[in-house]
Amino acid sequence: MREKVEIFQGDITKLTVDAIVNAANSSLLGGGGVDGAIHRAAGPELLAECRTIGGCPTGEARITAGYRLPARHVIHTVGPVWQGGNHGEPAFLRSCYRNCYRLARESGLATIAFPAISTGVYGYPMRLACRIALEEAKSALESNPELARIVFVAFSPEAAGIYRETMEEVF
Ligand code: AR6
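The rules we used
Residues numbered from 1 in each chain as written. Predicted model: local features only at pLDDT ≥ 70, side-chain atom pairs only at ≥ 80, totals over all residues. Heavy atoms only, no water. Helix = DSSP H or I, 4+ residues; strand = E, 2+ residues; numbered from the N terminus. Expected span 1.5 Å × (residues − 1). Buried < 20%, exposed > 50% of the residue type's maximum accessible area, 1.4 Å probe, protein only. Arc of directions from axis to C-beta. Contact = heavy atoms within 4.5 Å. Pairing = 2+ DSSP bridges. Right-handed = clockwise from strand over helix to strand, strands pointing away. Phe/Tyr/Trp six-rings, centres within 6.5 Å; stacked < 30°, edge-to-face > 60°. Core = buried A, V, L, I, M, F, W, Y, C linked by side-chain atoms within 4.5 Å. Near = heavy atom within 4 Å. Polar contact = N/O pair within 3.5 Å; in protein donor to acceptor, adjacent residues only side chain to side chain. Areas by Shrake-Rupley, 256 points an atom, 1.4 Å probe, with all protein chains shown as cover. Nonpolar A, V, L, I, M, F, W, Y, C, P; charged D, E, K, R; others polar.

- Looking at an unreviewed UniProt entry, the protein carries the name O-acetyl-ADP-ribose deacetylase, with the source organism given as Geomonas terrae.

Right, here's the structure in full:
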C-alpha cells in the first residue's frame, strides 16, 4: 500500500494526475498560496466554473475541470484556520481529506495530488497536519482499491522531510 504514496517536492500545478487538490477558501473565488498558483496555471475558465458553484463550507470539497493544467480535475477543499487546536481543527482537516477521496472515488479517479492543506496562511502546524494527511491516505487506500497513486506535494525541503518522517510512523 505504501508504494502507492509518493512525496514530491515542488509545484503541484506541474503534476499530471487525475486531480490536484486546491487549498481554497470558502468563496472558491481564488486567493494566494497554492490557490493563486492553481488559478493562474488553469486559466480564467477555472474561476468561471468556480463562480457557478457558490462557495464551499470548511471541511467540504467540490470538483471542477482542470482546464489548462496537466491535471484533468481540481478538487477544491477548504481547510480550517488554526486557532490553537481546540476549535475542531483536526476534525475539519480530516474531513477535507475524506471528502476529497470520496469525490475522487465517485468520479472514478485513480491518481490524486494534495498540497499540505491549511499549513500556509491558515497556520496549521505542519507536523500535525501531515499526520492527519497520511492517516487518511492509509484509510482511503484500504477502502478504495481503485486508488492507484497519492502524491503529497511539499513546497519546501523542510516540509518534504516532515512527510518522510511521518510516513515511517503511519505506514
Ligand atoms: N504547490 C504546492 N504547494 C504549495 C504551492 C504550490 N504551488 N504554493 C504554496 N504551497 P496555502 P492554506 C504550499 O497558504 O494554509 C489562500 O489564499 C504552502 O507552502 O496555500 O490552506 C486560499 O485562498 C503550504 O504548505 O493554503 C485561502 O484563503 C500549503 O501549500 C488560504 O490561502 C498550503 O498553503 C488557505 O490557506
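There is more to say, and it comes next.
## Description of helix α5 (residues 157-170)
Part 1 of the reasoning: Over its 14 residues, α5 extends 20 Å from the first C-alpha to the last, a length consistent with the 20 Å expected when each residue adds 1.5 Å.
Part 2 of the reasoning: Among all positions in α5, only A159, A160, I162, Y163, T166, M167 and V170 are buried. The arc that holds the buried residues of α5, viewed along the axis, is 160 degrees, so those residues lie on one side. Counted as exposed and oriented over 90 degrees from the buried face of α5: P157, E158, E168 and E169.
Part 3 of the reasoning: In this structure, the buried side of α5 is in contact with β1 (5-9), α4 (126-143) and β6 (149-154).

## A short note on the pairing of strand β5 (residues 111-114)
Part 1 of the reasoning: By the alternation rule, side chains of β5 split into T111 and A113 and I112 and F114, which are all buried.
Part 2 of the reasoning: Two elements, strand β2 (residues 19-24) and β5, share two bridges in a ladder whose sense is parallel. Its bridge partner being in β5, I20 is matched across the sheet by A113.
Part 3 of the reasoning: Note on the crossover from β5 through α4 to β6: the handedness is right-handed.

## A look at the packing of aromatic side chains
Part 1 of the reasoning: This model, assessed by the stated rule, comprises five aromatic pairs.
Part 2 of the reasoning: Judged by centre distance (5.0 Å) and plane angle (45 degrees), the ring pair of Y97 and F114 falls under tilted. Here the residue Y97 occupies a position in helix α3 (residues 89-106), and F114 occupies one in strand β5, the gap between them amounting to 17 residues. The pair formed by Y97 and F114 is uniform in burial state, with each residue classed as buried.
Part 3 of the reasoning: Among the aromatic side chains, those forming a connected cluster through ring pairs are Y97, Y101, F114, F152 and Y163.

## Remarks on the nonpolar core
Part 1 of the reasoning: The biggest cluster of nonpolar side chains holds 37 residues, and the ones touching the most others in it are I75, Y97, Y101, I112, F114, I150 and F152.
Part 2 of the reasoning: Breaking this core down by element, the ones donating at least two residues are β2, α3, β5, α4, β6 and α5.
Part 3 of the reasoning: The element best represented in this core is α4, accounting for nine residues.
Part 4 of the reasoning: V17, L69, A71 and V153 belong to the second largest nonpolar core, which has 18 residues in total.

## A few points about the site of the ligand
Part 1 of the reasoning: In the region of the ligand, 21 residues are neighbours, and N25, G32, D35, T119 and G120 sit closest.
Part 2 of the reasoning: Within the side chain of N25, an N or O atom sits 2.8 Å from an oxygen atom of the ligand.
Part 3 of the reasoning: With respect to the ligand, the backbone of V34 contributes an N or O atom lying 2.8 Å from an oxygen atom.
Part 4 of the reasoning: Alone, the ligand offers 700 Å² of accessible surface; in the complex the protein occludes 88% of this.
Part 5 of the reasoning: Secondary structure elements with two or more residues in the shell around the ligand: β2 and α1 (33-42).
Part 6 of the reasoning: Considered class by class, the residues forming the shell around the ligand number ten nonpolar, nine polar and two charged.

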